[in-house]
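# A look at the structure
Each chain, written out:
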Amino acid sequence: MINLELPQKLINIQKMSHQLASGVFRPISRKYDRIEHCDTPEELKPVAQMMASIRPARGGKKEAPSADAGTVNGANLFAIVGGEELCWGDVGLLLSIPGSGLGNAAINAVGTPEQKEKFGKLYCAMAITEPGAGSDSAAISTTARLDGDEWVLNGEKIYCTAGQRGDAIVVWATLDKSKGKAAIKSFIVPQGAPGLTLVRVEDKMGLRISDTAALSFDNCRIPKENILGSPEIADTEEARKKAFGGVMQTFDNTRPAVAAMALGVARAALEITREILEKEGVKADYSKSLYNSTAIEAELYRMEADLEAARLMTYKAAWMADNGQPNSKEASMCKAKAGRMGNYVTLKCVELCGEMGYSEQRLLEKLARDSKIIDIFEGTQQIQQLIVARNLLGLSSRELK
Amino acid sequence: MSQDLPFDLSLSEEQRITRESMRRYAERQLRAIARDADEAGAAPEGFYTGTMELGLGLLPIPEVHGGADMPRSPMSNVLNTEDLAYGDISLALGTLAPLSFINAVLDFGNEAQQEAFLPRLAQEHFVPATVALTEGRATFDPAQLATKARQDGDSYVIDGEKRLVILGASAELLLVIADLEGEGPAAFVVDQGSDGLSAEAQDYMGLRAVETATITLKNVRVPASHRLANFDLERLVDLGRIGSAALAVGCCQAVLDYCIPYVKERKAFGEPIAWRQSVAFMISDMAIELEGMRLLVWRAASRAEQGLPFHREAHLAKTYAAEKAMQIGTNGVQLFGGAGFVRDYPLEMWYRNLRAVALLDAATLV
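The shown structure was predicted, so the numbers you read here are calculated from the model rather than taken from an experiment.

Here the focus is the overall build of chain B. In terms of helices and strands, chain B carries ten helices and nine strands. On C-alpha atoms alone, chain B measures out to a radius of gyration of 21 Å, which is about the 21 Å that the 2.2 N^0.38 rule sets for 366 residues. The principal-axis extents of the C-alpha atoms in chain B amount to approximately 75 × 50 × 40 Å. Evaluated residue by residue, chain B yields a buried proportion of 60% over its 366 residues. For chain B, the share of sequence-separated contacts (at least 6 apart) that also reach a separation of at least 24 residues comes to 76%.

Here's what the structure looks like:
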């Protein structure tokens, strides 16, 4: 039965997450935006323990019920609902919680039981981007070769979230550049592995408390069993697609989670803006249609609608994943929508509140700075549009470049 | 009536089956004749009689009043509205006008009023009926009506002018919303033959396939029993907002589905224009905003269906749909280039029709 309200168990998750966001994140949000470079904030350590104890197992696909067993609201939707609340508190702090890394998602998705046992409880970053390869992750040039019982990695990685604070880093590298996507594998590199160097931690416009590292791998050696997935290079077109597709599938689950970040950040900005404007007598209480409202009320209505559209699209993508429905298109649609909505809403809020929006005395300017990256990482707006368009038009990446 | 339901976008078995047949009907019976009807300024003879096979009006009427006694379902109405508008917005508006009247009587009429009016609509043949709310004013506000009613003994006397009334001239029964002296907005069932009531067809930029009329009321007298007992203007406006947004969703889906094969076939510089990001990104944007529109509409309707407050959600759905629908309509014309502008193709007609979404008030009550 069509119902777009959340069930009680999700409302409970929402409430719990909100308490954490308002009790722990908000009070330290500005402080760590200013500090920027530091170890994991002390305040987040108990949060990490708590999250580890409640985090539900990922990967709803296997547990998905048959069509007639009814719909389920599982781990994916839980993550969206909780994620929005936490990012309402602070998106940078969420990304700084030990154990919340993208590498953890990858290990959970494709790791062997031994790897999950060994690394699953650690804080695992993911290193894909290189100075010469961003969205075109098939073009990476970091290499891996087997030498006896060890893999030897060489290359440079940049923009690696938690690359400094993480216990381990899942590194994408190619076994043979001439073989394209099929030769790209990921490797778990523990912090302190010989040949791994932290080059620098970036200074950024927003998301400052989250460490974004540049790493260098100079004959970096790791044990042979630290490869994620099979070391074979697929040699048929079919197998190649499957191998790389498997890697990319991780993103079908993570894109809605990133969209949820934009929901939280935008909602925070909108709530603060409404409070400020209410003191000036601006009441957007839905009593008038858009066309009988003042310009400022109309903007509030537009922003609310835009936020809610993005939220429902994100719920939908997650709901599909929870119910075993392929959601690649919907995951990209919600990421594209939420990413640009986040920028539009947070920047408009700064504008509407004038000096109070621009000032560091409040959080609006910070939320606008934080929101920008959400439309860039985990696939830019333009990459999401490409995925959606190829999907709708039935075109290959060679046809629609 | 708060149930602990999971978030769920699956249609019920019945909705799924209805959706299939409704879509098919819309393509064969509405889309196929929409252009000719637009040019002619009217639906062809027998069109509305044909729509009786859908059973839309009969469904929610209680059995005692001659109907099929199905539960009143705003959500199913939204799906039907989307599907009919997938064929054509104008013809969908005409088809659904009596249902809007029926829904209003079900929601706002007392038992005696339902008994008085519903059997007249529960017929084998199409009985035109409609809701008349809109007035000809910029910044029109349904809470500030220029059409006035006053009590006079055992009857009410109504004066004013209603515009953009769907099936206004042929409707046997009209639900006229007027400002009742001392009380505010009220709803009156008015018979077409009433003294002082006149209807004049009016042409618009779009919605040409359906009869749109200006209704003039000069000292129109109706019995006191014709004032709907439990009228709620906010609910009427909100159901109308959801309805017009659902019309937009259906038509925008038609635009998108029509553009996709065209941009794949149409070649420029030796390759399909779909291979260009400037074109492909317009398609993805249309799909993204359409998805947002649809989900906002569904949320508002599902809340209405569950008896939850839905004023805010209806407002947001309408706000969003009115703007995005026009963008999608505009992009549809643009993607077809010159072919979008000529009347051989439906794009320009959809563009004209979609402009109406923002200003339709209570034409379609879900």
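Another point: the domain arrangement of chain B. Residues and elements named next belong to chain B. Domain parsing of chain B yields domain 1 (13-127), domain 2 (131-226) and domain 3 (233-359). Each of domain 1 and domain 3 was reduced to a C-alpha centroid, and the two centroids are 22 Å apart. At the interface, 25 residues of domain 1 touch 30 residues of domain 3. Between domain 1 and domain 3 the total buried area reaches about 2,100 Å² when both faces are included, carbon and sulfur atoms providing 61% of it. Considering only the side of domain 1, the residues that lose the most area to domain 3 are Arg-35, Glu-82 and Ile-89, jointly responsible for 27% of the buried surface there. A salt bridge links Arg-35 to Glu-348; the nearest nitrogen and oxygen atoms lie 2.7 Å apart.

Across all of its chains, the model carries eleven aromatic pairs over all chains by this definition. Ring geometry for A:Tyr286 versus A:Tyr301: centroids 5.2 Å apart, planes at 35 degrees, classification tilted. Placement of the pair is A:Tyr286 in the loop between helix H8 (237-279) and helix H9 (295-322) and A:Tyr301 in helix H9, with a sequence separation of 15 residues. Using a relative accessible area of 1% as the deciding quantity, one classes A:Tyr301 as buried. Here B:Phe47 and B:Tyr48 contribute two aromatic rings whose centre-to-centre distance is 5.0 Å and whose plane-to-plane angle is 75 degrees, an arrangement assigned as edge-to-face. Like B:Tyr48, B:Phe47 is buried.

Residue and element names in this part refer to chain B. Two elements in contact, helix H3 (residues 74-87) and helix H7 (residues 277-306), have axes separated by 7 Å at closest approach and are oriented at 150 degrees. Along its contact with H3, which presents Pro-74, Met-75, Ser-76, Val-78, Leu-79 and Glu-82, the element H7 presents Arg-294, Val-297, Trp-298, Ala-301, Ser-302, Ala-304 and Glu-305. Looking at side-chain class alone, the contact of H3 with H7 contains eight nonpolar, two polar and three charged residues.

Residues and elements named next belong to chain B. Enumeration over the complete set of coordinates arrives at 60 salt bridges over all chains. Between Asp-83 and Arg-19 there is a salt bridge, and its shortest N-O distance comes to 3.0 Å. Here Arg-19 lies in helix H1 (residues 13-40) and Asp-83 lies in helix H3, a separation of 64 residues in the sequence. Judged on exposure class, the residue Asp-83 and its partner Arg-19 are both buried. For Arg-303, the salt bridge identified is with Glu-313, shortest N-O distance 3.6 Å. A residue pair is termed long-range when its members are at least 10 positions apart, and Arg-303 in helix H7 and Glu-313 in helix H8 (residues 311-336) qualify at ten residues. Taking the relative accessible area as the measure of exposure, Glu-313 reaches 7% and is therefore buried.

What follows is about the confidence of the model for chain B. For chain B, the mean per-residue pLDDT works out to 96, and 99% of the residues sit at or above 70. This prediction of the complex comes with two scores: 0.95 for pTM and 0.96 for ipTM.

The next point concerns the interface of chain A and chain B. Contact residues are listed per partner, giving 47 residues for chain A and 50 residues for chain B. Buried area between chain A and chain B, summed over both chains or domains, comes out near 4,700 Å², and the portion from carbon and sulfur atoms is 63%. Three residues, A:Met1, A:Ile2 and A:Tyr286, lead the burial of chain A against chain B; their summed loss comes to 16% of the area buried on that side. If you look at where chain A meets chain B, you find ten salt bridges.

This brings us to the state of the cysteines. Tallying each qualifying case throughout the model produces zero disulfides over all chains. The closest cysteine sulfur to the non-disulfide-bonded A:Cys220 is located on A:Cys160, 13 Å from its own sulfur. With no disulfide of its own, B:Cys251 has B:Cys252 as its nearest cysteine by sulfur position, at a separation of 5.9 Å. Accessibility expressed as a relative area gives 1% for B:Cys251, which makes it buried.

Each value, and the rule that gives it
- Residues numbered from 1 in each chain as written.
- Chains lettered and ligands numbered in written order.
- Predicted model: local features only at pLDDT ≥ 70, side-chain atom pairs only at ≥ 80, totals over all residues.
- Heavy atoms only, no water.
- Helix = DSSP H or I, 4+ residues; strand = E, 2+ residues; numbered from the N terminus.
- Rg over C-alpha atoms; globule rule 2.2 N^0.38 Å.
- Buried < 20%, exposed > 50% of the residue type's maximum accessible area, 1.4 Å probe, protein only.
- Contact = heavy atoms within 4.5 Å.
- Domains from an automatic or database assignment.
- Buried area = accessible area lost by both parts, 1.4 Å probe.
- Salt bridge = Lys/Arg side-chain N within 4 Å of Asp/Glu carboxyl O.
- Phe/Tyr/Trp six-rings, centres within 6.5 Å; stacked < 30°, edge-to-face > 60°.
- Axes fitted to C-alpha atoms, helices over the stretch in contact; angles between N-to-C directions.
- Nonpolar A, V, L, I, M, F, W, Y, C, P; charged D, E, K, R; others polar.
- pLDDT = per-residue confidence, 0-100.
- Disulfide = S-S within 2.5 Å.

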